[in-house]
Amino acid sequence: MRKGISLLLCVALAGSLLAGCGAEKTDNSAAGVDDGGQQTLTETSGTDSPVGLNEEGFPLVNEPVTLTVYGQRDQNQADWDEVMVLKEYEKMTNVHMDYQEVPADGFQENLQLLFASNDLPDILLRCWLTDNQIATYGVTSKQLMPLEDLIEQYAPNLTRVLEENPLMRQAITASDGHIYAIPQIDNSATGRIDFKQWINKKWLDELKLDIPTNYEEFKEVLIAFRDGDPNGNGEKDEIPLGVREPSSIYVLGGSFGLQHQMKDTYNVDDEGKIHNWLCDDEFKVYLQYMNELYEEGLLWQDYYKNDRPAWRSNLAGELFGAMYMPYSDVFLNCELDYVGYEPLKGPNGKQLWANVNTGVTGGAFALSNTCSNPEAAVRWVDYFYSEEGSLFFNYGLEGETYTFDDAGIPRFKDEILNAEEGFMTALGKINLVPGKGFPCLITDKTDGTVASDHTKEVTKVLTGFLPEKVYAKPSVSMEDTERVIAIEQDLQNYRDESVTKFIIGEWDFDKWDEYCSTLEQIGIRELEEIYQKALDMNQ
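None of these values were measured; they are calculated from a predicted model.

Peer 1: Explain empty space enclosed by the protein residue by residue, including any values.
Peer 2: The tally for this structure, following the rule as stated, stands at three cavities of 30 Å³ or more. Of the pockets and cavities examined, the largest cavity occupies roughly 70 Å³. Tallying contributions element by element places helix α21 (residues 524–538) first for the lining of the largest cavity, with five residues. A breakdown of the residues in the lining of the largest cavity according to their chemical character gives four nonpolar, four polar and two charged.

Spelled out as structure tokens, the structure:
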């Protein structure tokens, strides 16, 4: 804690000492020339747009301009100045991007030092800016530029998406009412539904069982998987239910009336009232059910160890009867043996798939307060929020990297799908899809870069059982931020430890009242109040 505070003080001091450097850069930009003599866009009196900027079509600018770009490069991506889509886009736009990529390992420390130095690039791209970072560098230090007016004037594609999805606008609006970062927006069903549920149809057929429809039938099927030797090897090595890690234990909660709003343990009712359900009777019943599954050997006994390699090995060996995964990329060897199924009906007849997100992924695009060409920068990124731009970014050039099938679906060419270096590495030479986080729109038509056809089929089974509205955690005021961080860290640590102990039987449920009392002491209701206040202000 002391080290963290000291570092933050150093950051603040460095930022204040170097503030003059940022001001000097702004003055140079206003004069129409950047530090390297590159022509910039300057406003002229009596006009709404900078000289040389085309408000529609290509090129974006009449004369070439350069913007400096800082961002995090995924290990599967080529050097950004060698990525095909970005090279082609430079030809289309007349905007040259001077990229400074940083590897993911150590990136957050590097980003912190960048802001401390105040020697900022024009654009921050794929930096995964968190709400806390946006609050620090946008709301407080003003090192990030507010974007909402620029978006309204120069980003018609993004404006349309936000108008059609008002909860997305709420999700990216900071506590002071400004938008400091633009996210990746995934409107596809496969992207908005996090975990999909898969069950081994081959095992069901072997045991002559139907797909379960409620939580009681589900348990009966799991027992049959345990005892019936459905893989036929004569060994009792089947794992009926393969939950991957402690944080994934909540995926069945919708059947018990437990939503997963704000990507956390919250319900939000029709009036917008927030409630954390960790102390609710419905959650207790759910944990008792999961405890039964564990005690009877139906739930993977090592789920709480968060051993991803072991889990993947079990999946690759087709040892799971049922499990949860976003995509099938890690089990393509047995993908077609698993099918999707509707959410189970719970004790009170509820049938909801709650593991859904807003479609907004991180702070993918931001401008520093010294950006030399903010209008051109926003026009540059807006194309990727159009249907045409989404297709271009995700698939590249028709005929060269992809073709359309008879149904009008884009398909990568075989030499990319079957590339010797692996598909993701080959894809990283075309675009920045590997690793996600690029500012663009993904739709049901362009999600096929990562979603197999079978994943799409499994997704469709769930789409009729989703919450009507999906909320992101609202941005809280700076005075509340420190308190939120403190409460959430303690709350999540205690929650995960306690839930695990209830499920694996280390705690009896006569400790439930003590568990709830501890959550109250940590501040679960105070946290509700803070988020409620923030949500009410942003609506």
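More follows now that the structure is in view.
Peer 1: Before we move on, could you go through the nonpolar core and cite the residues and values that matter?
Peer 2: Within the largest apolar cluster, 78 residues are counted, with the highest numbers of intra-cluster contacts made by F218, L241, F283, L299 and Y324. The leading source of residues in this core is helix α19 (residues 478–504), at eight residues.

Peer 1: Could you give an account of the packing of α19 against α21, naming the residues involved and the relevant values?
Peer 2: Direction vectors running N to C along α19 and α21 enclose 135°, while the axes themselves pass 10 Å from each other. Classified by the angle their axes make, α19 and α21 are oblique. The crossing of α19 and α21 is left-handed. Counted together, D480, R483, V484, I487, E488 and L491 of α19 and I524, E526, L527, I530, Y531 and K533 of α21 form the full contact between these two elements. The residue inventory of the contact of α19 with α21, partitioned by class, reads seven nonpolar, no polar and five charged.

Peer 1: Go over the sheet that holds strand β6 (residues 239–242), please, and point to the residues and values.
Peer 2: The strand order across the open sheet formed by four strands is β6-β9-β5-β10, and the pairing between neighbours is mixed. The open sheet has two free edges, formed respectively by β6 and β10 (338–340), since each of these has just one partner strand. Taking the axes of each pair of neighbouring strands and ignoring which way they run, one obtains an average angle of 25° across the sheet. Direction of pairing for β6 relative to strand β9 (residues 320–325): parallel, over a ladder of three bridges. For L241, the partnering residue across the bridge sits in β9 and is A322. Here helix α11 (residues 215–227) sits on the sheet in contact with β5 (196–200), β6 and β9, set at roughly 135° to β6. Sheet contacts for helix α13 (residues 308–316): β6, β9 and β10; angle to β9, the most-contacted strand, approximately 125°.

Peer 1: Give me the pattern of salt bridges: which residues, what numbers.
Peer 2: Oppositely charged side chains can pair when the atoms bearing their charge come close. Per the counting criterion, the structure on display carries 26 salt bridges. The residue E292 makes a salt bridge to K219 at a minimum N-O spacing of 3.2 Å. Of this pair, E292 sits in helix α12 (residues 281–295) while K219 sits in helix α11, and the two are 73 residues apart along the sequence. Between R226 and D227 there is a salt bridge whose closest N-O contact spans 2.8 Å.

Peer 1: Kindly report on the confidence of the model for the protein chain, identifying the contributing residues and their values.
Peer 2: Per-residue pLDDT for the protein chain has a mean of 91; in total, 91% of the residues score no lower than 70. In this model, residues 1–47 is a region of pLDDT below 50 whose contacts with residues beyond four sequence positions or in other chains number 56 contacts.

Peer 1: Any details on the packing of aromatic side chains? Residues and values, ideally.
Peer 2: Taken as a whole and assessed by the stated rule, the structure comprises 44 aromatic pairs. Between Y89 and F392 the ring centres are 6.3 Å apart and the planes differ by 45°, which places this aromatic pair in the tilted class. With Y89 in helix α3 (residues 84–93) and F392 in helix α15 (residues 387–395), the pair connects residues that are 303 residues apart, well separated along the chain. In terms of burial, Y89 and F392 fall into one category: buried. When the centroid spacing of 6.1 Å and the interplanar angle of 20° are considered together, the rings of Y494 and Y515 count as stacked. Taken together, the residues span a long stretch of sequence, with Y494 in helix α19 and Y515 in helix α20 (residues 512–522) at a distance of 21 residues. Using a relative accessible area of 15% as the deciding quantity, one classes Y494 as buried. Take Y515: its relative accessible area is 0%, and that puts it in the buried class. For the cation-ring pair, K196 lies above Y327, with the distance from its terminal atom to the ring centre recorded as 4.5 Å. Looking at K511, its charged tip hangs above the ring of W507, at a distance of 4.9 Å from the centre.

Peer 1: Outline the pairing of strand β11 (residues 360–367), listing residues and values.
Peer 2: The buried count for β11 comes to six of eight residues, which makes it a mostly enclosed element. As defined by bridge partners, strand β3 (residues 123–129) adjoins β11 across four bridges and the pair is classed as antiparallel. Pairing of L124 across the sheet is with A366, part of β11. With three bridges connecting them, strand β4 (residues 182–186) and β11 associate as antiparallel partners. When the sheet's bridge partners are listed, Q184 is paired in β11 with T361.

What counts as what
Residues numbered from 1 in each chain as written. Predicted model: local features only at pLDDT ≥ 70, side-chain atom pairs only at ≥ 80, totals over all residues. Heavy atoms only, no water. 1 Å grid on protein atoms, 1.4 Å probe; cavity = no way out; pocket = protein on both sides within 12 Å on 5 of 7 lines; lining within 4 Å. Points joined across faces, edges and corners; volume = space filled by probe spheres on them. Helix = DSSP H or I, 4+ residues; strand = E, 2+ residues; numbered from the N terminus. Nonpolar A, V, L, I, M, F, W, Y, C, P; charged D, E, K, R; others polar. Core = buried A, V, L, I, M, F, W, Y, C linked by side-chain atoms within 4.5 Å. Buried < 20%, exposed > 50% of the residue type's maximum accessible area, 1.4 Å probe, protein only. Axes fitted to C-alpha atoms, helices over the stretch in contact; angles between N-to-C directions. Parallel < 35°, antiparallel > 145°, perpendicular 65-115°, else oblique. Left-handed = near helix turned anticlockwise from the far one by under 90°. Contact = heavy atoms within 4.5 Å. Pairing = 2+ DSSP bridges. Salt bridge = Lys/Arg side-chain N within 4 Å of Asp/Glu carboxyl O. pLDDT = per-residue confidence, 0-100. Phe/Tyr/Trp six-rings, centres within 6.5 Å; stacked < 30°, edge-to-face > 60°. Lys NZ or Arg CZ within 6 Å of the ring centre and 35° of its normal.

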